[in-house]
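Observations on the three-dimensional arrangement
Okay, here's what each chain looks like letter by letter:
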Amino acid sequence: KFFYIPIYDSLNSKIKKKDYLYDVAFLGFLNERRSYIANGLKNMGHKIYISDNHIWGDRKKNLMNNTKIIIDIPRSTEFNIPNVHRIVFPMYNKNMTIMESPRVDFEDDIIKSYTIMCKYDEILSKTDDIIKNYDKYLTDVYKDYDSDNTNMYYMKYIDSFLEDCV
């Protein structure tokens with residue numbers, strides 16, 4: 001069997017710059033829940049990028065390096081679990097990541113450490129606050145960043161992914 005492991009992009013793409021083209025990017029197709037947040041942020045004057053599900057390699061690296069915040073909102077309330085595959089690259093790249101608080105118990109300390117989780121109805125105001133105070137949030141979230149621990153997390157994630165696929 002052959003599998004595409006998106007985490008490879010993360011391990012080979014860490015670049016950071018200060019001049020951003022976008023305030024916020026959404027990964028995944030736009031739906032009603034994501035559209036509501038995206039339109040609300042646009043109405044606040046923020047620059048938004050909405051990608052599809054097929055963004056990998058250099059295209060994904062360029063998007064991450066030109067975006068302050070990645071937002072992960074599950075496509076439905078019934079399927080509200082963390083999209084770890086969408087979170088690992090921004091976390092490795094030290095992007096701010098906002099994730100809708102999952103309905104399930106989520107005990108992943110690495111993801112919790114570098115991701116801001118909030119309820120769906122708080123995402124607009126929280127994102128606006130982070131954009132306005134970006135440097136402070138970035139410093140606070142990544143103050144104890146441990147690249148070795150994060151790399152070990154990626155390896156564990158890849159192993160788990162491969163075990164599930166076999």
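A few points on the structure. Because the structure is predicted, anything quoted here is derived from the model rather than measured.

1. A few points about the overall build of the protein chain
- Helix and strand counts for the protein chain stand at eight helices and five strands.
- For the protein chain, the N- to C-terminal ordering of α and β elements is α-β-α-β-α-β-α-β-α-β-α-α-α.
- Taken over 166 residues, the protein chain has a buried fraction of 50%.
- Excluding contacts between residues fewer than 6 apart, the proportion of contacts in the protein chain whose partners are at least 24 apart in sequence is 72%.
- Element-wise, carbon and sulfur atoms account for 51% of the exposed surface of the protein chain, whose accessible area totals about 9000 Å².

2. Digging into the pairing of strand 4 (residues 96-100)
- Extensive coverage of strand 4 is indicated by the burial of five of its five residues.
- Burial along strand 4 is two-sided: the face carrying Met 96, Ile 98 and Glu 100 and the face carrying Thr 97 and Met 99 are both buried.
- Across four bridges, the pairing between strand 3 (residues 67-72) and strand 4 is parallel. From the neighbouring strand, Ile 69 faces strand 4, where its bridge partner is Met 96.
- The pairing of strand 4 with strand 5 (residues 116-118) spans three bridges and is parallel. Residue pairing for strand 5: Glu 100 is matched across the bridge by Cys 118.

3. Focus on the nonpolar core
- If you look at the biggest cluster of nonpolar residues, it comprises 33 residues, and the most contacted ones within it are Phe 26, Ile 69, Ile 71 and Met 96.
- If sequence neighbours within four positions are ignored, Ile 71 has contacts with Val 24, Ala 25, Phe 26, Leu 27, Ile 37, Leu 41, Ile 98, Ile 123 and Thr 127.
- Judged by nonpolar contacts, the second largest core, of seven residues, contains Leu 63, Met 64, Ile 70 and Phe 89.

4. Thoughts on the pattern of salt bridges
- Evaluation of the coordinates by the stated rule reveals five salt bridges.
- In this structure, the salt-bridge partner of Lys 61 is Asp 58, at a minimum N-O distance of 3.4 Å. With Lys 61 and Asp 58 both in helix 3 (residues 57-65) and three residues apart, the pair spans about one turn of that helix.

5. A closer look at the environment of Tyr 137
- Along the chain, Tyr 137 falls in helix 7 (residues 134-141).
- Among the residues examined, Tyr 137 registers a relative accessible area of 15% and is labelled buried.
- If near-sequence neighbours (up to four positions away) are discounted, Tyr 137 is found in contact with Met 96, Ile 116, Lys 126, Asp 129 and Ile 130.

Cut-offs and rules
- Residues numbered from 1 in each chain as written.
- Predicted model: local features only at pLDDT ≥ 70, side-chain atom pairs only at ≥ 80, totals over all residues.
- Heavy atoms only, no water.
- Helix = DSSP H or I, 4+ residues; strand = E, 2+ residues; numbered from the N terminus.
- Buried < 20%, exposed > 50% of the residue type's maximum accessible area, 1.4 Å probe, protein only.
- Contact = heavy atoms within 4.5 Å.
- Areas by Shrake-Rupley, 256 points an atom, 1.4 Å probe, with all protein chains shown as cover.
- Pairing = 2+ DSSP bridges.
- Core = buried A, V, L, I, M, F, W, Y, C linked by side-chain atoms within 4.5 Å.
- Salt bridge = Lys/Arg side-chain N within 4 Å of Asp/Glu carboxyl O.

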